[in-house]
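Architecture and fold: a report
One letter stands for each residue in the lines below.
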Amino acid sequence: MLMDISSEMIHSLLPLFMVTTLGASALAVGLVEGLAEATALIVKVFSGTLSDYLGKRKGLALFGYALGALSKPLFAVAPSIGIVLSARLLDRVGKGVRGAPRDALVADITPAHLRGAAFGLRQALDTVGAFLGPLLAVGLMLLWANDFRAVFWVAVIPGLMAVAVLFVGLREPKHQQSEKRINPIRRENLKRLGSSYWWVVGIGAVFTLARFSEAFLVLRAQQSGIPIALVPLVMVAMNLIYALSAYPFGELSDRMSHRKLLAIGLAVLIVSDLVLAASNHWGVVLAGVALWGLHMGMTQGLLATMVAHTAPADLRGTAYGFFNLVSGLAMLLASVVAGLLWDSFGASFTFYAGAIFCVVALAGLVKTVRNF
């Protein structure tokens, strides 16, 4: 929660900062966001595998959180898009290092019949931070007359607090470690990640392709004509819905077909894209953003739960790593394409294209016969 407060104070303003202060195009925003998010997801492969090899998760998670916290001052001093990109990559490397070990740690300490609820709760707390961050950013922007850099400096504080809480407050459970450590990504180990797991990986990639970076939600809100200081409120709205829905849908996923819940979540994303494409009026944009948050609450914790259910316990870190590798490449592609469409044809076309891809993805999901 604390790290998300820190990150979202910056990320909710960063697209506006790049466009208005640094003069970046929508394509540049898409490239920065796509590369950053892809980097985070790709790095998770190595951190997850290393956590399986070592049989320890906390140290890697602590290093990742510390790296994320230390990247924050770079945003405050960035004179160009290049420095912003460097800061984003460093921040996302930190996220990548901590992500898979953290998720594997959650799976390690949670009984199997409560994993849906546990991942829903983790997602909800993440998202509480993700709407408090933009809310603080809005307040400080109003207080300090749109001083982006001053807000970025304040964001350093909750980042450092997150590192302190993790270091002091978390005790890692003991792992049974064989005498001889084995490389988790050896061929014989990867064969233990069966077809059910790889199906989940494929579904996760499809969902990521259908849902490009939230930076484009911020840019869409800017088109509604509201003051720059209030634009991050769209992220507050999205993350509020996300936070409120993540835990209930996580609990629901313990009792119903995962495939059906994923299909419903994808249908919600289709409606969200169509609403966002229809108009740039602030009320319409807000409705589309709320539906986007509902989709996130329905699907993100669920996908993490599905990985836990389909991967062997001793390979969970590796499993989350490969899942995020594929999703990271999909995020890079989706964000770059979204930026190109935005610059070439406009915002509405970008969201209509997203809806079309969602329809194709939903059709493929409905035809599958697997149940989880």
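1. Quick look at empty space enclosed by the protein
Under the criterion given, the structure shown has 1 cavity of 30 Å³ or more. Residue lining of the largest cavity: Gly-116, Gly-120, Ala-246, Phe-249, Gly-250, Ser-253, Gly-297, Met-298, Gly-301, Leu-302 and Thr-305, and that is the complete set. Put simply, the parts of the chain that give the lining of the largest cavity at least two residues each are helix 6 (115-143), helix 12 (233-253) and helix 14 (282-310). Top element by residues in the lining of the largest cavity is helix 14. It accounts for 5 residues. Residues belonging to the lining of the largest cavity are distributed by class as follows: 4 nonpolar, 7 polar and no charged.

2. Remarks on helix 13 (residues 258-278)
For the α-helix, the turn length of 3.6 residues means that residues three or four positions removed from each other point alike. Compared with the 30 Å implied by 1.5 Å per residue over 21 residues, the 31 Å span of helix 13 between its first and last C-alpha is a close match. The opening residue of helix 13, the one whose side-chain oxygen lies 3.3 Å from the backbone nitrogen of Arg-259, is Ser-257.

3. Digging into the packing of helix 6 against helix 14
To describe two helices that pack against each other, one gives the angle between their axes and the distance between the axes. Viewed as axis vectors pointing N to C, helix 6 and helix 14 meet at an angle of 140°, and their least axial separation amounts to 9 Å. Considering the angle they form, helix 6 stands oblique to helix 14. Relative to helix 14, the crossing made by helix 6 is right-handed. Contact residues: Arg-115, Gly-116, Phe-119, Arg-122 and Gln-123 in helix 6; Gln-300, Gly-301, Ala-304, Thr-305, Ala-308 and His-309 in helix 14. Taken together, the residues that form the contact of helix 6 with helix 14 break down as 3 nonpolar, 6 polar and 2 charged.

Conventions and cut-offs
Residues numbered from 1 in each chain as written. Predicted model: local features only at pLDDT ≥ 70, side-chain atom pairs only at ≥ 80, totals over all residues. Heavy atoms only, no water. 1 Å grid on protein atoms, 1.4 Å probe; cavity = no way out; pocket = protein on both sides within 12 Å on 5 of 7 lines; lining within 4 Å. Points joined across faces, edges and corners; volume = space filled by probe spheres on them. Helix = DSSP H or I, 4+ residues; strand = E, 2+ residues; numbered from the N terminus. Nonpolar A, V, L, I, M, F, W, Y, C, P; charged D, E, K, R; others polar. Expected span 1.5 Å × (residues − 1). Polar contact = N/O pair within 3.5 Å; in protein donor to acceptor, adjacent residues only side chain to side chain. Axes fitted to C-alpha atoms, helices over the stretch in contact; angles between N-to-C directions. Parallel < 35°, antiparallel > 145°, perpendicular 65-115°, else oblique. Left-handed = near helix turned anticlockwise from the far one by under 90°. Contact = heavy atoms within 4.5 Å.

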